[in-house]
Amino acid sequence: MKRQRTEGQLDTQCVQDSASSALEKEYRSQIESYKTAERQAKEKMREMELSFLQLRQGLEAALEEEKSKTAELKIQLLTLQRELERERKRNSESMEMAEPSEGNQSDKLVQISSEPSTWNEANDSELRLLREHKLQYEAYIAQGGFDFINTKVLHAVENPYATCLKKKSVAEHHTPPPTLSSNSTQPSSPDSLVEEIETLKKRIRRMNELFTAQTNRFRDAVYQLTGWHVEMSTHENKLRIRSRYSRSDDEYLELLWTDTNKFELLETPLVNRLDPRLFTYISVSNSFPGFLSAVTQDLFEKQEVRSM
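Counting from 1, residues in each chain are numbered in the order their sequence is written. Under the rules for a predicted model, residues below a pLDDT of 70 receive no local features and side-chain atom pairs below 80 are neither given nor counted, while totals for whole chains, interfaces and linings still include all residues. Side-chain numbers come from the whole structure's heavy atoms, not from hydrogens or water.

1. Quick look at the sheet that holds strand β2 (residues 238-243)
Through backbone hydrogen bonds, the strands of a sheet pair up, either in parallel or in antiparallel fashion. For two strands to count as paired, DSSP must find a minimum of two bridges between them. Helix and strand assignments come from DSSP, with helices taken as H or I runs of at least 4 residues and strands as E runs of at least 2, each series counted from the N terminus. Read across the sheet, four strands follow the order β1-β2-β3-β4 without closing on themselves; strand pairing throughout is antiparallel. Unpaired on one side and paired on the other, β1 (228-233) and β4 (263-265) mark the two borders of the sheet. In this sheet, neighbouring strand axes are inclined to one another by 25° on average, regardless of whether the strands run parallel or antiparallel. Here β1 pairs with β2 via six bridges, running antiparallel. Between the N-to-C directions of two axes lies an angle of 0 to 180 degrees, each axis being a line fitted to C-alpha atoms and, for a helix, fitted only over the stretch in contact.

Written as structure tokens, this is what we have:
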């Protein structure tokens, strides 16, 4: 029993010795690693101190250079200020000497400068009158009036009025003109010719009145049904159409009527403000009615939103 106890004690002691030796080795390795880390940190600190010293020396040298430069600049400023004072004195003396001679010239300049102002006022008043007349003329055309500037009336060479004048001249020279009616064979008298001319004039006047009335009715019907007021320029082949839902005078569309009986949309302020998706009716489907209906719907919806 004693031997067994001694053997057990020896085994436990060996185990304890081996464990202590392993711990000692671990502690020693950790201590060595800490020492190496400490050495590296000290070396880095020394390097940083050296770099700081170098930077400090460089900054001190740069500061000295800047101080010397500022001193030189101060000296230059003082010299420039003195020169400026001298120049000011010279200029003041020269101005005092030149004041009497420049008095008459200044009066003349005032007179000359006042004349253009009067001319400008007269021109401005004339421009205002012209603009007012232009606005009145455009409003008259928008209401369906006759455009005397952009519309040209062509008169036929042979028309009823010209034939009547020829017959009247023939009657004055005592030559019997042929009668207008096919049934009568007797030559007509000058009085009858005058009456026929007057009746023809009345008939032409009546036809013109009917034509203008019918065109105005047709234009009004197109405006009421489609919502677009159409204006056509004969010498440029352009159409200007304005919607009844337009907010201002610059909201209109311009179309160019080409020789191939096709329309081209021109650039206007309204075109620039439209949704780009509306132009697919022209670019994809080649449908101007669809495009105009889409524009009408867009303007109508905007007007409804504003009214709400």
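Structure shown, so let's carry the discussion forward.
2. Remarks on the layout of surface pockets
As a volume, the second largest pocket reaches approximately 220 Å³. Here a cavity means grid points, on a 1 Å grid over the protein atoms only, where a 1.4 Å probe fits yet cannot get out; a pocket means an open set of points with protein on both sides within 12 Å along at least five of seven lines; lining residues are those with an atom within 4 Å of a point. Together, 14 residues line the second largest pocket, and Ala142, Gln143, Tyr223, His229 and Arg242 are the ones closest to its centre. Breaking the lining of the second largest pocket down by element, the ones donating at least two residues are α3 (190-226) and β2. Top contributing element to the lining of the second largest pocket by residue count: α3, with four residues. Grid points are joined across faces, edges and corners, and a volume is the space filled by probe spheres set on the points.

3. So, the packing of aromatic side chains
In summary, the pairing rule links any two rings of Phe, Tyr or Trp, Trp by its six-membered ring, whose centres are within 6.5 Å, and it sorts them by plane angle into stacked for under 30 degrees, edge-to-face for over 60 and tilted for everything else. For the structure shown, the criterion picks out four aromatic pairs. When the centroid spacing of 5.3 Å and the interplanar angle of 65° are considered together, the rings of Tyr245 and Phe300 count as edge-to-face. In this pair, Tyr245 is assigned in the loop between β2 and β3 (253-257) and Phe300 in helix α6 (residues 288-307), connecting sequence segments 55 residues apart. Remark: exposure states derive from per-residue accessible area (1.4 Å probe, protein chains only) relative to the maximum for the residue type, with buried under 20%, exposed over 50%, and partly exposed in between. Residue class for Tyr245 comes out partly exposed when judged on its relative accessible area of 21%.

4. Re the nonpolar core
We call a set of buried Ala, Val, Leu, Ile, Met, Phe, Trp, Tyr and Cys residues a nonpolar core when their side-chain atoms join them within 4.5 Å. Ranked by size, the top nonpolar core spans 15 residues in total, and within it Leu253, Leu274, Leu278, Phe291 and Val295 carry the most contacts. Of all the secondary-structure elements, those providing two or more residues to this core are β2, β3, α4 (269-273) and α6. Per element, the largest residue contribution to this core is five residues, and it comes from α6. Any two residues whose heavy atoms approach within 4.5 Å are treated as being in contact. If near-sequence neighbours (up to four positions away) are discounted, Val295 is found in contact with Trp228, Leu274 and Leu278.

5. Some points on the pairing of β3
In this structure, β2 lies alongside β3, joined through four bridges in antiparallel fashion. Note that in β3 the partner of Lys238 across the bridge is Leu256. Summarising the sheet, β3 and β4 pair through three bridges and their orientation is antiparallel. From the neighbouring strand, Leu255 faces β4, where its bridge partner is Leu265. Linking β3 back to β4 in an antiparallel pair, the connection comprises five residues, with Asn261 at a positive phi of about 55°.

6. Here we look at a nonpolar patch on the surface
A residue counts toward a patch only above 30% relative accessible area and without a salt bridge, and it is joined to like-charged neighbours within 9 Å or, for Val, Leu, Ile, Met, Phe, Trp and Tyr, to nonpolar neighbours within 5 Å. Calculation of accessible area relied on Shrake-Rupley with a 1.4 Å probe; when residues are assessed, cover is drawn exclusively from the protein chains displayed. Think of a salt bridge as a Lys or Arg side-chain nitrogen and an Asp or Glu carboxyl oxygen that are within 4 Å of each other. On the surface, a nonpolar cluster with roughly 430 Å² of combined accessible area is contributed by Met45, Met48, Phe52 and Leu55. Looking at the secondary structure, you find Phe52 in helix α1 (residues 2-142).

Such coordinate-based values are descriptive only and should not be taken to indicate function.
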